[in-house]
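Residue-level structural notes
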Amino acid sequence: DGGITQSPKYLFRKEGQNVTLSCEQNLNHDAMYWYRQDPGQGLRLIYYSQIVNDFQKGDIAEGYSVSREKKESFPLTVTSAQKNPTAFYLCASSIDPGRLNTEAFFGQGTRLTVV
Amino acid sequence: AQKVTQAQTEISVVEKEDVTLDCVYETRDTTYYLFWYKQPPSGELVFLIRRNSFDEQNEISGRYSWNFQKSTSSFNFTITASQVVDSAVYFCALRSGNTGKLIFGQGTTLQVKP
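Let us now look at the state of the cysteines. Summed over all chains, the structure comprises two disulfides over all chains. Each sulfur in the disulfide pair Cys 23 of chain A and Cys 91 of chain A lies 1.9 Å from the other. Here the disulfide of Cys 23 of chain A and Cys 91 of chain A is left-handed, its torsion about the S-S bond being about -75°. Placement of Cys 23 of chain A in strand β3 (residues 19-25) and of Cys 91 of chain A in strand β9 (residues 87-94) is noted, with a sequence separation of 68 residues between them. The disulfide that involves Cys 23 of chain B links it to Cys 92 of chain B, with 2.0 Å between the sulfurs. On the sign convention where negative means left-handed, the S-S torsion of about -65° between Cys 23 of chain B and Cys 92 of chain B marks this disulfide as left-handed. One end of the pair, Cys 23 of chain B, is in the loop between β3 (19-21) and β4 (24-26); the other, Cys 92 of chain B, is in strand β10 (residues 88-96), with 69 residues separating them in the sequence. Like Cys 23 of chain B, the residue Cys 92 of chain B is buried in the burial classification.

Right under this line is the structure:
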């Protein structure tokens, strides 16, 4: 089945550690996105990529890094510079960033907790 | 600047009541799309509907209906005869420009009690 797979579902990180969240899609979509969800704040864009080997900062990129070496994959690294990383992280993709009328498809999310 | 506001943080209704979720947006673009998503407890966002800026026709799909009014920059969502399974967080989102970014509102948590 086509879709977006995020792993792991739950992740625990010690303070000072970097962790990487995985996002894979088999929808052949060009664009991929990472959002962070906190209670009462909706979804905020961290990074997005419109094409392989290219990505742009979103509204809250500080303390995060990404790569887009393959069309199917858009991993997110939460670095030790991110002061408050505990949140729910959602990955999404859409067929073409220029096609406004296409919806984005979302993964099931990764819940990251700092212990 | 682009912005989406969902002023209702939480709504609680009793089953079979009708409920309307409000969404107000801001954008300077003349071409844009509006979306509604549902987020059940499992966490994944489920797409419900899209509407483009040139189409102000209301839409009905089963118990769901949407009212788009450009004059008030609103795209409200009504659930008729609500059911317990409608309990979820609902997000309104805006997309415009050439980046494809979705700008989300803060979300409205709907609780439908039996």
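Once you've had a look at it, read on.
Below, the discussion takes up the pairing of strand β5 (residues 43-51) of chain A. Residues and elements named next belong to chain A. Here six bridges tie strand β4 (residues 31-37) to β5, and the two strands are oriented antiparallel to one another. Across the sheet, Met 32 pairs through a bridge with Ser 49, a residue of β5. Where β5 lies against strand β6 (residues 54-57), three bridges are found, and the strand directions are antiparallel. Bridged to Tyr 47 within β6 is Lys 57.

Calculation notes
Chains are numbered independently. Their residues run from 1 in the order of the written sequence. Each chain takes a letter, starting from A, and each ligand takes a number, starting from 1, following the order in which they are written. Only residues with pLDDT of 70 or above have their local features reported here, since the model is predicted, and side-chain atom pairs are shown and tallied only from 80 upward, although totals for entire chains, interfaces and linings are computed over all residues. Think of the side-chain values as coming from all heavy atoms in the structure, minus any hydrogens and water. We call a pair of cysteine sulfur atoms a disulfide whenever their separation is within 2.5 Å. Numbered from the N terminus, helices here are DSSP runs of H or I no shorter than four residues, and strands are runs of E no shorter than two. Summary of the burial criterion: residues with accessible area below 20% of their type's maximum are buried, those above 50% are exposed, and those between are partly exposed, where the area comes from a 1.4 Å probe applied to protein chains only. Pairing between two strands is assigned when DSSP locates at least 2 bridges connecting them.

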